[in-house]
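Residue-level structure breakdown
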Amino acid sequence: MRAVLALTALLAVAGCYEDDDETLPSSSQTQQENEEVSDNWLEVLDDETPVAFIVRATGEPRDDIVPLLEQAARRYRESPRMIANRVVQLWAEIRQRDGVEITVTSLLERLNEGESAPHGGSLGSVVQYYRVSRLQGADHDSALAAAMSRKAPE
């Protein structure tokens, strides 16, 4: 009798187990995903300069971007490469979320406003504060103003 109960319990547990699909993605799918990431993010070992990356990603004139990126590099503690990554990523998010045609130069100008950098000089913190404010229902301008304030996030 115990053997029957044990066998029944074993079969019941085995019936609950489902095999996960462990099929690897095709190499073309993986290659496509890697290309999409590299188009939207400047990797550490990439030969492309941060300015060239912003120009390629946004289509905006190089001469407009150079002084703004230089100013941001003096203002924030991140490297120019990381600043370029964060700015392009935020620019794309704003355009996608709001459907607003914001220029990356106008975004950089806003991020460079004020006498000193907010949140201890971290652009990453500014971007994160902006995102949290948007998730909490703030509109773009209010979220950016809050992110650029000297007040640290709560």
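Residues numbered from 1 in each chain as written. Predicted model: local features only at pLDDT ≥ 70, side-chain atom pairs only at ≥ 80, totals over all residues. Heavy atoms only, no water.

With that out of the way, let us pick up the overall build of the protein. For the protein, the count of helices and strands is 8 helices and 0 strands. Along the protein, helices (α) and strands (β) appear in the sequence α-α-α-α-α-α-α-α when read from the amino end. Counting all 154 residues of the protein, 32% fall into the buried class. The contacts in the protein between residues at least 6 apart in sequence include a share of 62% that link residues at least 24 apart. About 10100 Å² of surface is accessible on the protein, with carbon and sulfur atoms providing 52% of the total. (Helix = DSSP H or I, 4+ residues; strand = E, 2+ residues; numbered from the N terminus. Buried < 20%, exposed > 50% of the residue type's maximum accessible area, 1.4 Å probe, protein only. Contact = heavy atoms within 4.5 Å. Areas by Shrake-Rupley, 256 points an atom, 1.4 Å probe, with all protein chains shown as cover.)

To continue, consider the nonpolar core. By size, the foremost hydrophobic cluster in this structure holds 32 residues, and its most contacted members are I54, Y76, V87, L107, L111 and L123. Where this core is concerned, the elements lending two or more residues are α3 (50-58), α4 (62-75), α5 (80-98), α6 (104-111), α7 (123-135) and α8 (140-148). The leading source of residues in this core is α5, at 7 residues. The contact partners of L111, leaving out residues within four places of it in the chain, are R75, Y76, V87, L123, V126, L144 and M148. (Core = buried A, V, L, I, M, F, W, Y, C linked by side-chain atoms within 4.5 Å.)

Its location among the elements puts L69 in helix α4. Spatially, the C-alpha atoms of L69 and T105 are 9.1 Å apart, while their sequence positions differ by 36 residues. Other than its neighbours up to four places away in sequence, L69 contacts P50, V51, I54, P80, I83 and A84.

Under the definition given, this model contains 6 salt bridges. For E93, the salt bridge identified is with R131, shortest N-O distance 2.6 Å. On the criterion of sequence distance, the pair formed by E93 in helix α5 and R131 in helix α7 is long-range, its members being 38 residues apart. Given the relative accessible area of 25%, E93 is considered partly exposed. For E113, the salt bridge identified is with R110, shortest N-O distance 3.7 Å. Under the relative-accessibility criterion, E113 is labelled partly exposed at 44%. (Salt bridge = Lys/Arg side-chain N within 4 Å of Asp/Glu carboxyl O.)

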